[in-house]
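These are the residues of each chain, in order.
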Amino acid sequence: MAEKMKEAIRKLKDIQAKNLIGGGQQHVDRQHSRGKLLARERVDSLLDPGTFIELGSCVNTTGSRMDGRVSDAPCDGAVIGYGEIKGRNVAVYSSDFTVLGGSIGMQHLQKCAEIIKMAAKWRMPMVWLLDSSGGRLGYVDVQLSRVDWYFCLISKYSGIIPQINVLMGPCIAGQAYAPTLCDFLLMSRETANLWLAGPRQAAAATSEKIDKSVGSADYHMKYSGTCDVVGANDGETIKKTRELLNYLPSSYLEKSPAIDSTDTPDRLVDNLMDIVPDDYDTKYNMHDVIKVLVDNGEYYEIKDEYAKNLITCFCRFNGETVGLVANNPNEPGSIVEINSCDKYYRFLQVLDAYNIPLLNLVDIPPFVPGEEEEAKGLLRHYGKILDVYATSTIPKISIVLRESYGDAGSLIMGGAKEMGTDLCYAWPIARFAVEASELDYREVYGKGIEEDAYEGYMDFSREKVDVFDVAKGYTTQIVDEIIEPKDTRIKIIQALQLTGNKVEKLPKRNKLHGTPPV
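Note that this is a predicted model, so its numbers are computed, not measured.

Rules of the game
- Residues numbered from 1 in each chain as written.
- Predicted model: local features only at pLDDT ≥ 70, side-chain atom pairs only at ≥ 80, totals over all residues.
- Heavy atoms only, no water.
- Buried < 20%, exposed > 50% of the residue type's maximum accessible area, 1.4 Å probe, protein only.
- Helix = DSSP H or I, 4+ residues; strand = E, 2+ residues; numbered from the N terminus.
- Pairing = 2+ DSSP bridges.
- Contact = heavy atoms within 4.5 Å.
- Core = buried A, V, L, I, M, F, W, Y, C linked by side-chain atoms within 4.5 Å.
- Axes fitted to C-alpha atoms, helices over the stretch in contact; angles between N-to-C directions.
- Parallel < 35°, antiparallel > 145°, perpendicular 65-115°, else oblique.
- Left-handed = near helix turned anticlockwise from the far one by under 90°.
- Nonpolar A, V, L, I, M, F, W, Y, C, P; charged D, E, K, R; others polar.
- Arc of directions from axis to C-beta.

**Considerations on the pairing of strand β4 (residues 78-85)**
Moving on, step 1. Across the eight residues of β4, six count as buried, placing the element largely inside the fold.
Moving on, step 2. In this sheet, β4 lies alongside strand β1 (residues 53-55) in antiparallel orientation, the contact comprising three bridges. Its bridge partner being in β4, I53 is matched across the sheet by Y82.
Moving on, step 3. Here β4 runs beside strand β5 (residues 88-95); their pairing, made up of eight bridges, is antiparallel. Bridge pairing in β5 places I80 opposite Y93.
Moving on, step 4. Taking the residues that link successive antiparallel strands as the turn, the β4-β5 hairpin has two residues, and the phi of K86 there is positive, at about 55°.

The following block contains the structure:
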C-alpha cells in the first residue's frame, strides 16, 4: 500500500477513534452516573447486533462562543446511520449529551436533515433517540441552527414513513416541538423531561416556580397526553421501541409485517360470557376481553394512563396487525369526552396513514355534556372524530357487546354503517338508543316546552331498542349480523380476511386533505 494511502487511512481511524469518545471520559462518566446510556450504546440496544452502519462519523466541528472561547464538538453531537430490527432496515439518529449537552449546531441539524431524507427516500422507519439541551446558545454562528428546517422535514414526511421519538433526557423550548410532530413519543421515567419552558425559564419569565415533575414521563402520560409509552429507564424504553416497530410497516406503501401465529384462528372464546356481565349497569374491565380475543393474549397499548375510559392498542389476529379501540366500562361510565377524543383521533390518523385495520369493541353510553366540557369545545372534538372516521379508507370492523348509545356509540365507535363501517356485529344482549338519560326534560325546560314533545320525541329518544328489533330491518344500517359471544374471535378474523383487499378512494381533490375541526 502506498504511503499516502496509509497516512490517509491512519488519519481516518484517528478521527473516528476520537469521535467515539464523544465529549470525553469525564462527561461519559457523568452520563452513566445519571442512569443514562451513551448515544452509541442506545443505538446498539435498539438495532440488531452488528447491523449499525454509521454516516457522518468524521464530522468534527469547532464552535466559537460569544465570549471568545472555542469548543470542540465530535460528530457535532449527533450520531446517525441505519441498521436492522428483526431484519428490517431502520434509520436512526442519536443525540450525544456528552458533546455540549447534545445541543443543536449547524452540522448537527444537517445530519438530522440528511438521515430523515434518506429514510423517506429508501422507505424505512425513522427513530429519533433524543437527549439534548436544545439550541446551542451563546455561539456566534448558530442562532436557530435551522431548527425550522428540522420541523419542516418531520412534518413533510409524516404519514410517509413511521417516525418514533424516544426521549431519554431533557428536551426543552423550541426542540420540544419535535417529539409532538412524530407518530409516537416514548419517554424514560428515569431520565426524560419535556418542557416548552423548564423550571428555570418559567421562573425567569413569570416568576412561577414549577416542579421538575411537570415535564416528566408520567406527567405527559397522565395529564397532557403527549407521551404514548413510558419505560422505566433507557433500556426498557428502547426495548418497547423495538416492540412497537413490530406492529408498523416500513412505509405507507406497505402493510405491517405479519407473523406466523401460534394461536388458532378458529378458537372459541367461551369465557367471554363470564367476563362481560349481562347486567348493563355492572362494570367490567375491557382489557380482560381484549386478552382473550387477540393472538396469544398479547397487545401493545398506547397512552395506557391517559383517558383510561378509552383503550387504544395494537394487537394481532391470525398474525395480522390490527389497531384496536375499545370503551372501558371499568372506568367512570366509559364515556367519550375531550381527552379520549384526542386519544382516538390521533390513533386513527396513524392507522389510516399506515394501512392498519381498525377494530372497535363497543360498550358505551352517550357523551355526557356539561358546562366544563362544552366550554372546552366538546363539539369540535367530537367533530374531528367524525371527520377522521369518515375519511379513513382502512378496513373498519365493529363489535357491539352490550350498549351503543347516541352519537358516541353509533357514529364514532362504528355502530352506524353509513359512517364507513365495513362490518358491524352485535351480541344478542346488545341494545341501542339515542341517549341513556332517565331525566324528565319537563323539569329541566319548564312549562314552556310543548306538552306533546316529551311523548313525541324526548321520551322516544332514550327508548332502548334491543338488537333483535334492530336486526328486523336491514335498512336500519346498524348491524350486519347478531353473533354469539364465543364466536367473536372467529368473526373478527373472518371480517379481516374479507376486507383485506378493500379499495376505497375519497372524492378527488387537488389538495390531499380537508379542513377538519381541531
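**Re the side chain of S340**
Moving on, step 1. Residue placement: S340 occurs in helix α12 (residues 338-353).
Moving on, step 2. When residues no more than four places from it in sequence are discounted, the contact partners of S340 are A307, N309, L310 and I335.

**Some details on the nonpolar core**
The tendency in soluble globular proteins is for nonpolar side chains to be buried as a group.
Moving on, step 1. Core analysis: the largest hydrophobic core is formed by 53 residues, its most contacted members being F184, L244, F314 and Y344.
Moving on, step 2. For this core, the element with the highest residue contribution is α12, accounting for seven residues.
Moving on, step 3. Setting aside residues no more than four positions away along its own chain, L244 makes contact with I164, F184, L186, Y300, I302 and F314.
Moving on, step 4. Among the nonpolar cores identified, the runner-up in size contains 35 residues, and I80, M126, Y150 and A176 belong to it.

**Observations regarding the packing of α12 against helix α14 (residues 378-391)**
Moving on, step 1. Contact geometry for α12 and α14: axes closest at 9 Å, N-to-C directions at 20°. Comparing their axes, α14 and α12 come out roughly parallel. Where α12 crosses over α14, the handedness of that crossing is left-handed. Across the interface between the two elements, I338, C341, D342, Y344, Y345, L348, Q349 and D352 of α12 pack against L378, H381, Y382, K384, I385, V388, Y389 and T391 of α14.
Moving on, step 2. A per-class count over the contact of α12 with α14 returns ten nonpolar, three polar and three charged.

**Considerations on helix α3 (residues 39-46)**
Moving on, step 1. Along α3, the positions that sit buried rather than exposed are A39, R40, R42, V43 and L46. Burial along α3 is one-sided: seen end-on, the buried residues are contained in an arc of 155°.

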